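Descriptive structure summary
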Amino acid sequence: MSSRPVPLIPPGLRAFLARIPLLAPTVRFLRRGPFARDRNLLITLSVLTLTVGALAARVSMEWFSPALMIPITLVGGLQLRLRSLSKLLCAVAVSLVYVAVVRGVGHIGPGLLATFGFTVVLAALMARTRGKLGVQGLRGDVMLLELRDRLKKQSELPKLPKDWDSRVVLKQAGGSSFGGDFLVSIREGDVLELALVDVSGKGVDAGTRALMLSGAFGGLLGSVDDFLGACNTYLRRQREAEGFVTAVHVRINLATAEYVITSAGHPPVVKFEAGTGTWKVSPAKGVVLGIVGDLHCERDKGMLRRGDALMLYTDGLIEQPGRDIDAGLDRLLGEAERLLPSGFRDGARNLVTTMSAGHNDDCALILIWRP
């Protein structure tokens, strides 16, 4: 997705104006400097503001109301630097004073002044935020949208063979596009590796750290033998501790159906055994990432037969205020029985909806099974 700014003057018109001897110096001035677009927009909005003020004072307050300067101020807040915005606000103040002098102070009522005051504060906040980011216009929002799309694409499992199936359900707190739960996965030949990670916090508050860690963990996945150990070393190198991180790593051989589960402080993986029709809790466990230098994780190995399934999830599905986490796990396994009549694919979303009802937290559920 391209984020190049749209020029104020079309290239064809600019080339035509440059051929006119008297206008050539003006065109060169408008194109000069790294902030040419900001300066040209400031000139345009300032002229427009002064024109509206003059017309309101001398022609008609009905056709050229001073309120027309409110959207001009908002455009300045969205597009101009803070220094340029202050100059535009000076032009707005001059126009209002001019209207008040010519038409009388009564024509600029307290309601209009309060609206202008609120607009000025809002525009200044927008310009200040964009100034910290170093972007102009709506490019900051475009960057966030691109990050969201990348994270969403990264949370999709690779294409599996025809005798395998999967379902991924991610539900962020407050309906946000960013949250503290994320999935990274990779498939190389017959080996599928995936890791479900839970960053402390929820919603947008944990989303920024999850974005950073998803890139780092995604680079480690498939590149090292001890994935969780490498993640633990990475977190230990960080200068500032920002809460805890739990993760579960699963490696599956799609040809032999053998799997290895390692966990670092994460809720246990559960396996559905089609032969007995029951869910079995995996014994894999370990310490939360980033706490100790020597991470020791107990592995769980096994094989998925026809009809078997592995279910990975985050604590948002089983953790509720005032209730024991084991009770939440028992309730999850009980609700999981409802997956069997309708199938795993259709029941996964319903399971997340049921388990997350009544509390606002990030939730994630991954199901991998052999039909």
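Preceding this section is the structure that the text describes.
Residues numbered from 1 in each chain as written. Predicted model: local features only at pLDDT ≥ 70, side-chain atom pairs only at ≥ 80, totals over all residues. Heavy atoms only, no water.

This part takes up helix α3 (residues 36-58). Taking 1.5 Å of rise per residue, 23 residues should cover 33 Å, and α3 covers 33 Å from first to last C-alpha, within 8% of that figure. Burial in α3 covers these residues: A36, D38, N40, L41, L42, L45, S46, T49, V52, G53, A56 and A57. (Helix = DSSP H or I, 4+ residues; strand = E, 2+ residues; numbered from the N terminus. Expected span 1.5 Å × (residues − 1). Buried < 20%, exposed > 50% of the residue type's maximum accessible area, 1.4 Å probe, protein only.)

Below, the discussion takes up the side chain of R370. Considering the arrangement of structural elements, one finds R370 in the segment after β12 (363-369). There is no salt bridge for the buried R370, and the closest opposite charge comes from D163, which lies 4.3 Å off by N-O distance. Residues contacting R370, with those up to four places away along its chain left out, are D163, W164, A257, L304, R305, R306, G307 and D308. (Lys, Arg positive; Asp, Glu negative; His and termini not counted. Salt bridge = Lys/Arg side-chain N within 4 Å of Asp/Glu carboxyl O. Contact = heavy atoms within 4.5 Å.)

The strand order β2-β3-β4-β5-β10 describes an open sheet built from five strands, whose pairing is antiparallel. Sheet topology places β2 (181-188) and β10 (300-303) at the edges, where each strand pairs with a single neighbour. Strand-to-strand twist across the sheet, computed as the mean angle between neighbouring axes with direction ignored, equals 15°. Judged from the six bridges that link them, strand β4 (residues 245-253) and strand β5 (residues 258-264) form a sheet pairing that is antiparallel. Directly across from V250, in β5, lies its bridge partner I261. Across the face of the sheet, helix α9 (residues 227-237) comes into contact with β3 (191-199), β4 and β5 while running at roughly 155° to β4. (Pairing = 2+ DSSP bridges. Axes fitted to C-alpha atoms, helices over the stretch in contact; angles between N-to-C directions.)

Reading across the sheet, the five strands line up as β1-β12-β11-β6-β7 and stay open at both edges, with antiparallel pairing between neighbours. Edge positions in the sheet fall to β1 (165-171) and β7 (278-281), since each has one partner strand and no second. Averaged over all neighbouring strand pairs, the angle between strand axes comes to 15°, with direction disregarded. Across five bridges, the pairing between strand β11 (residues 309-313) and β12 is antiparallel. Of the residues in β12, the one forming a bridge with L310 is I368. Packed on one face of the sheet, helix α12 (residues 344-356) meets β1, β6 (270-273), β7, β11 and β12 and runs near 25° to β1.

Counted by the stated rule, this structure contains seven aromatic pairs. Pairing F182 with F217 gives two aromatic rings, centres 6.3 Å apart and planes at 45°, and the pair type is tilted. Separated by 35 residues along the polypeptide, F182 in strand β2 and F217 in helix α8 (residues 203-220) bring together distant segments of the chain. The same class applies to F182 as to F217, namely buried. The rings of F182, F217, F227 and Y234 are connected pair by pair, giving a single aromatic cluster. Above the plane of the ring of W164 lies R370, whose end atom (NZ or CZ) is 5.5 Å from the centre. (Phe/Tyr/Trp six-rings, centres within 6.5 Å; stacked < 30°, edge-to-face > 60°. Lys NZ or Arg CZ within 6 Å of the ring centre and 35° of its normal.)

This part covers the packing of helix α4 (residues 69-79) against helix α5 (residues 82-103). Viewed as axis vectors pointing N to C, α4 and α5 meet at an angle of 170°, and their least axial separation amounts to 10 Å. Here α4 is positioned roughly antiparallel relative to α5, judged by the angle of their axes. For the pair formed by α4 and α5, the contact residues are M69, I72, T73, G76 and G77 on the first element and L85, L88, L89, V92, S95 and L96 on the second. Considering only residue class, the contact of α4 with α5 consists of seven nonpolar, four polar and no charged. (Parallel < 35°, antiparallel > 145°, perpendicular 65-115°, else oblique. Nonpolar A, V, L, I, M, F, W, Y, C, P; charged D, E, K, R; others polar.)

All quantities given are derived from atomic positions and should not be read as evidence of function.
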